[in-house]
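Observations on chain architecture
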Amino acid sequence: MPGYYDISDILMEDEAVSVVFHVGANGVGLLDPGTETNSVEKGAKIDLPFWLAHELCRRRAVSITIPSCFGQKMKKDVQADAACVDLGTRYPYFYEFGCKLFPLVGDKSIGPFLRHTFANRYKEMLSKSHTASLNAIPKFVLRLSKEEYQLFEAARSSMVEFKKWRVRDLGLMKTTIVGHKRKTDLH
Amino acid sequence: MYARRAAQLLQELSSCEEGQLPPYNGDKFDQVIRECEEHSRQFQSLIRDKDIETKNEDHYGSFIHHLSIIRNKRCLMAYMYKRAEVIQSYRWNVGRVLPREIQDKLNFSEQEYFKDYCGVIDSYMKDLDLDLTVDMVPPKDPYIRVRVLSEIGEVSLGDHAVSLTKDSFHFLRRTDAETFISQGLMEEFVE
């Protein structure tokens, strides 16, 4: 579980979710840009940051609507081609957010959906990260979520270490490789 | 309000490279503290004369303000904590003396923290009679070839004195050369 001081966990909890208030709340009019009084009405639909929505949902003051990143359109995109879905720009905290959202919302399909997406993207990411050039950033890296990017970096640095190990100086003399000229007898 | 500014502070910190710090953003830090005071004022006005057990609109409003204060606190604590971690790593990676560019990024209490941390490490190493900050990577060879980048002058290393003039080459013991290399005054000469 991420710690109290974990910065990426804090930033992840800043993601906006749409909620419906079951109760009214006074003195917090700034949350709802459409309100004239300094309060939120019961039944209002507002976008709140996840850290606030999470606590209010636990106390049954609001209910969270499933955000678009786990909706039907996203599911169709993943079915079509999981590796092409751009998580890096649209939903960089896709997996962490899904894991935290899952117990609060009644939709049981989010868990299997996350696993399915990850499994499909992993294959392509694995092969690309081991063969990617070390200087340029391949375009597909921009499509990775934060968690996938950490895996990518781990693979890349292990390739760097491997290459360094292969050419390490053992203090032995390097032999020149003599090419064999094979005379193939075609006639 | 509602911790958006605090999140911006953390964005600033996380967008920096690993082991680097942005300059200390005292203005934003103070703004977040003022926001907390505002939340606290609103909270006080909502729970005044009210029975805490009744769950009415004021209760939920005050609860939201309370959560905002806690969230701001968490953001500010994480900000300070991460900066403190990087400052500690400076002692190990850079050395006892920080270059000007790094010192400018720290505020006064962070500079004091660095001095105190160096003091603690030094007294610990004195007790052990061992310098822990050299040889961070296990060396293959006790001696190392170096090239001097800036003029250092006469230095006594061990039992003899060496004149470290600019662009001169020397064959020194690794432990002696490491302090100069980490300050950028020498570089390892690799054939």
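Naming follows an unreviewed UniProt entry, where chain B appears as DNA replication complex GINS protein PSF1 of Rhynchospora pubera. For chain B, the Sequence similarities (unreviewed entry) comment in UniProt is given as "Belongs to the GINS1/PSF1 family." Per its UniProt entry, chain B bears the Subcellular location (unreviewed entry) comment "Nucleus".

Looking at an unreviewed UniProt entry, chain A carries the name DNA replication complex GINS protein PSF3, with the source organism given as Rhynchospora pubera. On record in UniProt, under Sequence similarities (unreviewed entry), the comment for chain A is "Belongs to the GINS3/PSF3 family." For the record of chain A, the UniProt heading Subcellular location (unreviewed entry) holds the text "Nucleus".

1. As for the overall build of chain B
Of the regular secondary structure elements, chain B holds six helices and five strands. The linear arrangement of helices and strands in chain B, starting from the amino end, is α-α-α-α-α-β-β-β-β-α-β. Against the compact-globule benchmark of 16 Å for 191 residues, chain B has a radius of gyration of 25 Å, which places it well outside the compact range. Over its C-alpha atoms, taken along the principal directions, chain B stretches across nearly 80 × 35 × 30 Å.

2. A short note on the overall build of chain A
The helix and strand inventory of chain A stands at seven helices and five strands. A buried classification covers 37% of the 187 residues belonging to chain A. Counting contacts in chain A only where the partners sit at least 6 residues apart, residues at least 24 apart contribute 61% of the total.

3. Points about the sheet that holds strand 4 (residues 45-49) of chain A
Residue and element names in this part refer to chain A. Taken together, the three strands give an open sheet; going across it, the order is 4-1-5, and neighbouring strands pair in antiparallel fashion. Two strands bound the open sheet, and with one partner strand each, they are strand 4 and strand 5 (62-64). Averaged over all pairs of adjacent strands, the angle between strand axes in this sheet comes to 45 degrees, irrespective of strand direction. Pairing analysis gives five bridges linking strand 1 (residues 16-21) to strand 4, with the strands arranged antiparallel. Note on strand 4: the bridge partner recorded for Ala16 is Pro49. Each of strand 1, strand 4 and strand 5 touches helix 2 (residues 50-58); the most contacted strand, strand 4, lies at about 115 degrees to it.

4. Some words on the pattern of salt bridges
Opposite charge on two side chains permits them to pair, given that their charged atoms come into close proximity. Evaluated as defined, the whole model comprises 22 salt bridges over all chains. In this structure, the salt-bridge partner of Asp122 of chain B is Arg91 of chain B, at a minimum N-O distance of 3.4 Å. Taken together, the residues span a long stretch of sequence, with Asp122 of chain B in helix 5 (residues 108-128) and Arg91 of chain B in helix 3 (residues 57-93) at a distance of 31 residues. Residue classification places Asp122 of chain B among the partly exposed residues on the basis of a relative accessible area of 25%. We note a salt bridge from Asp122 of chain B to Arg96 of chain B, for which the minimum N-O separation is 3.1 Å. Of this pair, Asp122 of chain B sits in helix 5 while Arg96 of chain B sits in the loop between helix 3 and helix 4 (100-105); the two residues are 26 residues apart in sequence, bridging distant segments of the chain. Through salt bridges with shared partners, a single network forms among Asp9, Glu13, Asp14 and Lys100 of chain A together with Arg71 and Arg74 of chain B.

5. Notes on the side chain of Glu55 of chain A
Tracing the backbone shows Glu55 of chain A in helix 2. Side-chain polar atoms of Glu55 of chain A contact the side chain of Arg59 of chain A, separated by 3.0 Å.

6. Quick notes on the pairing of strand 1 of chain A
Residue and element names in this part refer to chain A. Side-chain alternation along strand 1 places Val17, Val19 and Phe21 on a buried face and Ala16, Ser18 and Val20 on a face that remains uncovered. The pairing of strand 1 with strand 5 spans three bridges and is classified as antiparallel. The residue of strand 5 that forms the bridge with Phe21 is Val62.

7. Details of the interface of chain A and chain B
With 26 residues of chain A at the contact, the number on the chain B side is 27 residues. Regarding the contact of chain A and chain B, the summed buried area is about 2500 Å², with carbon and sulfur atoms giving 71% of it. Among the residues chain A hides against chain B, the three largest losses belong to Tyr5, Ile7 and Trp51 of chain A. Together they make up 25% of the total. Seen at the junction of chain A and chain B, the total is four salt bridges. Residue Asp9 of chain A is joined to Arg74 of chain B by a salt bridge in which the shortest nitrogen-to-oxygen separation is 3.0 Å. For the side of chain A that touches chain B, the class distribution of residues is 15 nonpolar, five polar and six charged.

8. Here we look at the nonpolar core
Counting 68 residues, the largest nonpolar core has Phe21, Leu48, Leu56, Ile64, Phe70 and Phe94 of chain A together with Ile64 of chain B as its most contacted members. With eleven residues, the next largest nonpolar core counts Ile144, Val146, Leu157 and Ala177 of chain B among its residues.

9. Some thoughts on the layout of surface pockets
Here the largest pocket is characterised by a volume of approximately 1300 Å³. The set of elements that each furnish at least two residues to the lining of the largest pocket consists of helix 1 (7-12), helix 5 (94-101) and helix 7 (146-166) of chain A together with helix 1 (4-14) and helix 3 of chain B. The greatest single-element share of the lining of the largest pocket, amounting to five residues, is contributed by helix 1 of chain A. Its residues assigned to classes, the lining of the largest pocket comprises 17 nonpolar, nine polar and eleven charged. By volume, the second largest pocket is sized at about 510 Å³. Lining the second largest pocket are 23 residues; nearest its centre among them are Thr133, Val134, Glu178, Thr179 and Ser182 of chain B. Mapped onto the lining of the second largest pocket, the elements with two or more residues apiece are helix 3 and helix 6 (174-182) of chain B. Among the elements that line the lining of the second largest pocket, the one with the most residues is helix 6 of chain B, at six residues.

Rules used throughout
Residues numbered from 1 in each chain as written. Chains lettered and ligands numbered in written order. Predicted model: local features only at pLDDT ≥ 70, side-chain atom pairs only at ≥ 80, totals over all residues. Heavy atoms only, no water. UniProt positions renumbered as here; feature names shortened; annotations may be inferred. Helix = DSSP H or I, 4+ residues; strand = E, 2+ residues; numbered from the N terminus. Rg over C-alpha atoms; globule rule 2.2 N^0.38 Å. Buried < 20%, exposed > 50% of the residue type's maximum accessible area, 1.4 Å probe, protein only. Contact = heavy atoms within 4.5 Å. Pairing = 2+ DSSP bridges. Axes fitted to C-alpha atoms, helices over the stretch in contact; angles between N-to-C directions. Salt bridge = Lys/Arg side-chain N within 4 Å of Asp/Glu carboxyl O. Polar contact = N/O pair within 3.5 Å; in protein donor to acceptor, adjacent residues only side chain to side chain. Buried area = accessible area lost by both parts, 1.4 Å probe. Nonpolar A, V, L, I, M, F, W, Y, C, P; charged D, E, K, R; others polar. Core = buried A, V, L, I, M, F, W, Y, C linked by side-chain atoms within 4.5 Å. 1 Å grid on protein atoms, 1.4 Å probe; cavity = no way out; pocket = protein on both sides within 12 Å on 5 of 7 lines; lining within 4 Å. Points joined across faces, edges and corners; volume = space filled by probe spheres on them.

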